[in-house]
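The lines below spell out each chain.
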Amino acid sequence: MRGLASWTVRRLLLGAAQTAAVVLLVFALTEALPGDAAVALAGDQPDPERIAAIRKAMHLDRPAHERLLEWAGGLPHGDFGTSLVSGRPVSTYITDGFGPTLLLASLTVVLLVPAGVGLGVLAARHEGRFVDRFVSSVTLGAYAVPEFAFGVLLTTVFALRLGWLPPTAVGYGTDLTAHPAALVLPVLVLLSRPVCSLARLVRAGMIDALASPYVAQARRYGVPGARVRYGHALPNAVAPAAQQLARTVDWLLCGVIVVEALYVIPGLGTVLMNAVAERDVPVVQGLAVVFGVTTVVLNLGADLVARRFAPRSEVAA
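The rules we used
Residues numbered from 1 in each chain as written. Predicted model: local features only at pLDDT ≥ 70, side-chain atom pairs only at ≥ 80, totals over all residues. Heavy atoms only, no water. Helix = DSSP H or I, 4+ residues; strand = E, 2+ residues; numbered from the N terminus. Buried < 20%, exposed > 50% of the residue type's maximum accessible area, 1.4 Å probe, protein only. Contact = heavy atoms within 4.5 Å. Polar contact = N/O pair within 3.5 Å; in protein donor to acceptor, adjacent residues only side chain to side chain. Core = buried A, V, L, I, M, F, W, Y, C linked by side-chain atoms within 4.5 Å. Phe/Tyr/Trp six-rings, centres within 6.5 Å; stacked < 30°, edge-to-face > 60°. Lys NZ or Arg CZ within 6 Å of the ring centre and 35° of its normal. Patch = residues over 30% accessible without salt bridge, like charges linked within 9 Å, V, L, I, M, F, W, Y side chains within 5 Å. Areas by Shrake-Rupley, 256 points an atom, 1.4 Å probe, with all protein chains shown as cover. Salt bridge = Lys/Arg side-chain N within 4 Å of Asp/Glu carboxyl O. Expected span 1.5 Å × (residues − 1). Arc of directions from axis to C-beta. Axes fitted to C-alpha atoms, helices over the stretch in contact; angles between N-to-C directions. Parallel < 35°, antiparallel > 145°, perpendicular 65-115°, else oblique. Left-handed = near helix turned anticlockwise from the far one by under 90°. Nonpolar A, V, L, I, M, F, W, Y, C, P; charged D, E, K, R; others polar. Bend = angle between axes of the 7 residues up to and from the residue.

1. Observations concerning the overall build of the chain
Moving on, step 1. A count of helical and extended segments in the chain gives 14 helices and zero strands.
Moving on, step 2. Secondary structure elements of the chain occur, N-terminal to C-terminal, as α-α-α-α-α-α-α-α-α-α-α-α-α-α.
Moving on, step 3. Going through the 317 residues of the chain one by one, you find that 39% of them count as buried.
Moving on, step 4. A fraction of 71% describes how many contacts in the chain between residues 6 or more apart in sequence connect residues 24 or more apart.

2. A short note on the side chain of Thr 155
Moving on, step 1. By the element assignment, Thr 155 lies in helix H7 (residues 147-161).
Moving on, step 2. A distance of 3.1 Å separates the side chain of Thr 155 from the side chain of Tyr 263, its partner in a polar contact.
Moving on, step 3. In contact with Thr 155, other than residues within four places in its own chain, are Leu 160, Pro 167, Leu 185 and Tyr 263.

3. With respect to unusual backbone geometry
Moving on, step 1. Phi at Val 264 is positive, roughly 50 degrees, even though this residue is not glycine.
Moving on, step 2. By relative accessible area, which is 42% here, Val 264 ends up partly exposed.

4. Side note on the environment of Thr 95
Moving on, step 1. Following the sequence through the fold, Thr 95 ends up in helix H5 (residues 90-125).
Moving on, step 2. By relative accessible area, which is 55% here, Thr 95 ends up exposed.
Moving on, step 3. Between the C-alpha atom of Thr 95 and that of Leu 268, which follows or precedes it by 173 residues, the distance is 8.9 Å.
Moving on, step 4. A distance of 3.0 Å separates the side chain of Thr 95 from the backbone oxygen of Thr 92, its partner in a polar contact.

5. Things to note about the nonpolar core
If you look at soluble globular proteins, the nonpolar side chains tend to sit buried side by side.
Moving on, step 1. Ranked by internal contacts, the top residues of the largest apolar core, which has 36 residues, are Val 202, Met 206 and Tyr 263.
Moving on, step 2. Listed by contribution, the elements that provide at least two residues to this core are H5, H7, helix H8 (181-192), helix H9 (194-210) and helix H11 (225-253).
Moving on, step 3. The biggest single contributor to this core is H9, with eight residues.
Moving on, step 4. Apart from residues no more than four positions distant in its own chain, Tyr 263 is found in contact with Gly 151, Leu 154, Thr 155, Pro 167, Thr 168, Ala 169, Leu 185, Pro 186 and Val 189.
Moving on, step 5. In this structure, Trp 71, Leu 75, Ile 94 and Val 289 belong to the second largest nonpolar core, which totals 21 residues.

6. Digging into the packing of aromatic side chains
Moving on, step 1. Under the counting rule described, the total for this entry stands at two aromatic pairs.
Moving on, step 2. Look at Phe 130 and Phe 134: their rings are 6.0 Å apart centre to centre, the planes differ by 25 degrees, and that puts the pair in the stacked class. You can see Phe 130 and its partner Phe 134 sitting in helix H6 (residues 130-143), four residues apart, about one turn around the helix.
Moving on, step 3. A ring pair is formed by Phe 158 and Trp 164, whose centres lie 6.0 Å apart and whose planes are at 40 degrees; its orientation type is tilted.
Moving on, step 4. Here Trp 164 falls in the exposed class, since its relative accessible area comes to 59%.
Moving on, step 5. Stacked on the ring of Tyr 93, the Lys or Arg Arg 88 has its end atom at 4.5 Å from the ring centre.
Moving on, step 6. Lying across the ring of Tyr 143, Arg 193 places its NZ or CZ 4.3 Å from the centre.

7. Remarks on the environment of Val 258
Moving on, step 1. Take Val 258: it is sitting in helix H12 (residues 257-262).
Moving on, step 2. Val 258 gets classed as partly exposed once you look at its relative accessible area, which sits at 41%.

8. A short note on a nonpolar patch on the surface
Moving on, step 1. On the surface, Leu 153, Val 157, Leu 162 and Trp 164 cluster together into a nonpolar patch covering about 410 Å² of accessible area.
Moving on, step 2. Considering the arrangement of structural elements, one finds Trp 164 in the loop between H7 and H8.

9. As for H6
Moving on, step 1. The first and last C-alpha atoms of H6 sit 20 Å apart over 14 residues, in line with the 20 Å expected at 1.5 Å per residue.
Moving on, step 2. Turning to H6, its buried residues are Asp 132, Val 135, Ser 136 and Thr 139. Summarising the axial view, the buried residues of H6 lie within an arc of 95 degrees, below the 170-degree limit, and thus occupy one face. Away from its buried face, by an angle of more than 90 degrees, H6 presents the exposed residues Phe 130 and Ser 137.
Moving on, step 3. Where H6 is buried, its residues contact H5 and H9.

10. Quick word on the packing of H5 against H6
Moving on, step 1. Taken N-terminus to C-terminus, the directions of H5 and H6 make an angle of 140 degrees; their axes are 7 Å apart at the nearest point. Of the possible angle classes, the one that applies to H5 and H6 is oblique. The two elements H5 and H6 meet at a crossing, and its hand is left-handed. Here H5 contributes Leu 119, Leu 122 and Ala 123 to the contact with H6, which in turn contributes Val 131, Asp 132 and Val 135.
Moving on, step 2. Classifying every residue of the contact of H5 with H6 gives five nonpolar, no polar and one charged.

11. So, H7
Moving on, step 1. Counted at 1.5 Å a residue, the expected span for H7 with its 15 residues is 21 Å, and the 20 Å between its end C-alpha atoms agrees.
Moving on, step 2. Where H7 bends most, at Thr 155, the angle is about 30 degrees.
Moving on, step 3. Residues Glu 147, Gly 151, Leu 154, Thr 155 and Ala 159 constitute the buried set of H7.

See below:
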């Protein structure tokens, strides 16, 4: 327990350092962007006095380190700055887009875990036989199809040809729970690749665990096969799968831009695309910080899960 506590403290300190690095990197990259936001906001025929007034109002006339300290100081309090285009707080953009993205991510993960783990265990139990070859071939083929192509195919068949599902979420707003049919195609597209990678990881981990000496010893002691598979082999296969799942959740929460754009879902990916198109630097900065911190937190959680189920592996995400 003492070793686990010290390891956890080290990982938390590392996570804090990574978060600070994310904040610095985001500010530095946005500062290095070409062009001038004040000129862009001044219109097609900018007047020098108007540009100067906009720069002063946006505090762009202040040194970069002062603006960094002011911006970073507000982040712990949820103050991500103010949009250059609308004048609204950046936090409102994040909260508005977080709901649809979180809903899509939650539904995808709820279906992903049983489907990916179940397929992986099924393939491992029939290693080398028809079921294993079939599951491996289908998951490999599905993983090779890009999300955009798969989404277009599903939309063409189930929305345009058969008319069973709506092709986009246009007109539904951010309350997608009231229109579950609009979520079916996006969730299927989001599931297509993660379920394949998770199933293959679980399959490989289960095969390695079932071939290990401690499993053979458990079988010699007469431990039932189901308990060997699910009580001893599966937890060791979960360690790398947990880290893959963390990366998948990170990918989902950080806004799957292609899927949200294809189905016109007003999530974080759509907010980011609009901010980039409008050169709204504070919104881009705020979203980048949220995405970076989410990645750090999820990877930390995945490391803790991996350490809990397979303490000897010490695999870092």
